[in-house]
Amino acid sequence: MAKKFRRIGVLTSGGDAPGMNAALRAVTRAALAKDVEVMGIYKGYKGLVHPQLKRFTARDVSNIISRGGTALYSDRCHEFKEEEGMQKAIQTCRENEIDGIIAIGGDGTFRGATDLSIRGIPTIGIPATIDNDIASTEYTIGFDTAVNTAINLIDRLRDTCESHARCNVVEIMGRNAGWVTVEAGIATGASAIIINEVEFDEDKVISQIIESKKNNKRNFIVCIAEGVPALLKDPQYSEKFAKRFQEKTGIETKFVRPAHVLRGGDPSLRDRMIATQMGSEAVRLLLEGKSDLVVGVRDGNITPTDINYALKLDRMYKGTLAEGDLDSYTAEQVAEMKAYCEKRREKIRNLYQIAYEMAH
Ligand code: F6P
């Protein structure tokens, strides 16, 4: 059988995440091992619209498995959202004889991938974002490292809180999802966790902490996810909460926003492993002639999902479905999607419940 793929492209787009480099390396090495050339595309889709590509050898991805960030850089590309920009991107693929693309990133990256594939360039997506907020996969590259970074920071805060009998309010990234916050909160024994997925009552949180202070507890950590509605309304909400907390509890309270610190750093074992497995699988699927798939984790296994299905599932989970989005699915499929979303919601609510029990 004639080999269909002679050369593939790889890009990273959207917010960077630790482990993106490990995925880039895996894609490159898996392709080279099958005698397929690799073009590294710089700055995400921008590198296709304004051509910035380099033919990658194994040397180009040497010594990056342990590095945070992305060696291909990342950027937003508004032009790629317009037909003219997409056509330029397709032209770049043709001129560089790119037979298929592996796109590493989040949901925006996958939408871009479908724009390429409907114009004739096969694509496979690899989920990478610290937020773990892509509904079609149980895991996204970067999450484990980000949570470990948060844990490390909070553990240090706890040490000093204990010495001074203080509280630290920590605002944690994660876009609209509370996964980083809930796992970091559980793993550091936070006194309270505030996430988007579970309603919360500020006064209740405060009175619970006053109770635990009566039991001579000296250190208090409150983790707030950046996606909670109060914060979306008022970006200063967490600082103001810290002030109110101090006034009402009498506990000296500091505020910390680690922000992008969670996005950097050396990837953990889990991120290196998953990135390598996903990268290798993405290449296998592409060279088999598959397209429009996202490689994810389902029931603990690396499993591909149809990219359009993945995007719709994601919108369903996030409540952003547009009219007609589900028209091509049967009632049975829609019911299955709903059940899947509910299971995922339940998973985070259960984690929250555990965090709550541990704090009392
Ligand atoms: O998606 C990753 C993420 O770090 C989110 O947690 C955060 O809300 C967002 O990106 C920040 O985006 P930017 O890097 O554009 O400030």
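Every chain is numbered independently, its residues counted from 1 as its sequence is written. Per-residue local features are limited, in this predicted model, to residues with pLDDT of at least 70; the limit for side-chain atom pairs, both in listing and counting, is 80 or more; totals at the level of whole chains, interfaces and linings are taken over all residues. Side-chain measures were taken over the full set of non-hydrogen atoms in the model, leaving aside hydrogen atoms and water.

## What about the overall build of the chain?
Selection criterion: Going along the chain from the N terminus, every DSSP run of H or I of four or more residues is numbered as a helix, and every run of E of two or more is numbered as a strand. We take the radius of gyration over the C-alpha atoms and set the globule estimate at 2.2 Å times the residue count to the 0.38 power. Relative accessibility under 20% of the residue-type maximum defines a buried residue, over 50% an exposed one, and the middle range a partly exposed one, all with a 1.4 Å probe and only protein chains included. Whether two residues are in contact is decided by their heavy atoms, any of which lying within 4.5 Å being enough. We score Asp and Glu as negative and Lys and Arg as positive, and we do not count His or the chain ends. Lysine's charge is taken at NZ, arginine's at CZ, aspartate's at CG and glutamate's at CD.
Helix and strand content of the chain: twelve helices and eleven strands. Here the chain has a C-alpha radius of gyration of 22 Å; the compact-globule value for 360 residues is 21 Å, and the two agree. Classification of the 360 residues of the chain by burial places 51% in the buried group. Considering only residue pairs separated by 6 or more positions, the chain has 73% of its internal contacts joining residues 24 or more positions apart. Computed over 50 positive and 50 negative side-chain charges, the inter-centroid distance for the chain is 4 Å.

## Details of the sheet that holds strand S7 (residues 192-194)
In plain terms, the rule: Only when DSSP finds a minimum of two bridges between them are two strands counted as paired. The convention used is that axes are lines fitted to C-alpha atoms, helices contributing only their stretch in contact, and that angles between N-to-C directions extend from 0 to 180 degrees.
Spatially, S7-S8-S6-S9 is the arrangement adopted by the four strands of the open sheet, whose pairing is parallel. Edge positions in the sheet fall to S7 and strand S9 (252-256), since each has one partner strand and no second. For this sheet, the mean angle separating the axes of adjacent strands, direction not counted, is 15°. With five bridges joining them, strand S6 (residues 166-172) and S9 adopt parallel strand pairing. In the strand pairing of S9, Val 169 is matched with Phe 255. This element, helix H6 (residues 179-188), spans S6, S7 and strand S8 (220-225) of the sheet and lies at about 175° to S7.

## A closer look at the environment of Asp 131
Along the chain, Asp 131 falls in the loop between strand S5 (123-127) and helix H5 (143-164). When its relative accessible area of 8% is taken as the criterion, Asp 131 is described as buried. For the pair Asp 131 and Ser 328, spaced 197 residues apart in sequence, the C-alpha separation works out to 29 Å. Setting aside chain neighbours within four positions, we find Asp 131 in contact with Phe 143, Gly 174, Arg 175, Ala 177, Trp 179 and Val 180.

## So, the domain arrangement of the chain
Where interface size is quoted, it is often the accessible area lost as the parts come together. Just so we agree on the cut-off: Domain ranges listed in this record stem from an automatic or a database domain assignment. Here a salt bridge means any side-chain nitrogen of Lys or Arg lying within 4 Å of a carboxyl oxygen belonging to Asp or Glu. For the purposes of these results, a polar contact is taken to be a pair of N or O atoms within 3.5 Å, where, inside protein, one atom must be able to donate a hydrogen and its partner to accept one; residues adjacent in sequence count only when each atom of the pair is a side-chain atom.
Taken domain by domain, the chain consists of domain 1 (7-142 + 267-321) and domain 2 (146-264 + 346-358). Summarising the inter-unit geometry, the C-alpha centres of domain 1 and domain 2 are found 33 Å apart. In this complex, domain 1 contributes ten residues to the contact, which on the side of domain 2 involves eleven residues. Here domain 1 and domain 2 share two salt bridges between them. For Arg 175, the salt bridge is made with Asp 131, and the minimal N-O distance between the two is 3.7 Å. Scanning the region where domain 1 abuts domain 2 turns up two residue pairs in polar contact (both at pLDDT 80 or more).

## Observations concerning helix H11 (residues 307-318)
We count it as follows: Take the number of residues in a helix, subtract one, and multiply by 1.5 Å to get its expected span.
In this model, H11 (twelve residues) spans 16 Å end to end at C-alpha, consistent with the 16 Å of a helix rising 1.5 Å per residue. Extensive coverage of H11 is indicated by the burial of nine of its twelve residues. Looking at H11, one finds that the buried residues are Ile 307, Tyr 309, Ala 310, Leu 311, Lys 312, Leu 313, Asp 314, Met 316 and Tyr 317. The elements touched by buried residues of H11 are helix H4 (107-117), H6, strand S10 (293-298), strand S11 (301-306) and helix H12 (331-358). Positive backbone phi, at 70°, marks Gly 319, one or two positions downstream of H11.

## Remarks on the packing of aromatic side chains
Short version of the rule: Between the rings of Phe, Tyr and Trp (Trp by its six-membered ring), a pair exists once the centres lie within 6.5 Å; its type follows the angle of the planes, with under 30 degrees stacked, over 60 edge-to-face, and the other angles tilted. Only when the NZ atom of a Lys or the CZ atom of an Arg is both within 6 Å of the ring centre and within 35 degrees of the ring normal do we say a charge sits over the ring.
The full count for this structure, using the stated rule, is seven aromatic pairs. With a centroid separation of 6.1 Å and 35° between ring planes, the pair formed by Tyr 237 and Phe 241 is classed as tilted. Separated by four residues within a single helix, Tyr 237 and Phe 241 lie in helix H9 (residues 237-249), roughly one turn from each other. Relative to Tyr 329, the ring of Tyr 309 has its centre 5.8 Å away and its plane inclined at 70°; by these criteria the two rings are edge-to-face. Residue Tyr 309 is found in helix H11, and its partner Tyr 329 is found in the loop between H11 and H12; the two are separated by 20 residues along the sequence. Pair check on accessibility: Tyr 309 and Tyr 329 agree, each one buried. An aromatic cluster of three or more residues is present, and its members are Tyr 42, Phe 56 and Tyr 73. Here the basic side chain of Lys 217 rests over the ring of Phe 220, its NZ or CZ set 5.7 Å away from the ring centre.

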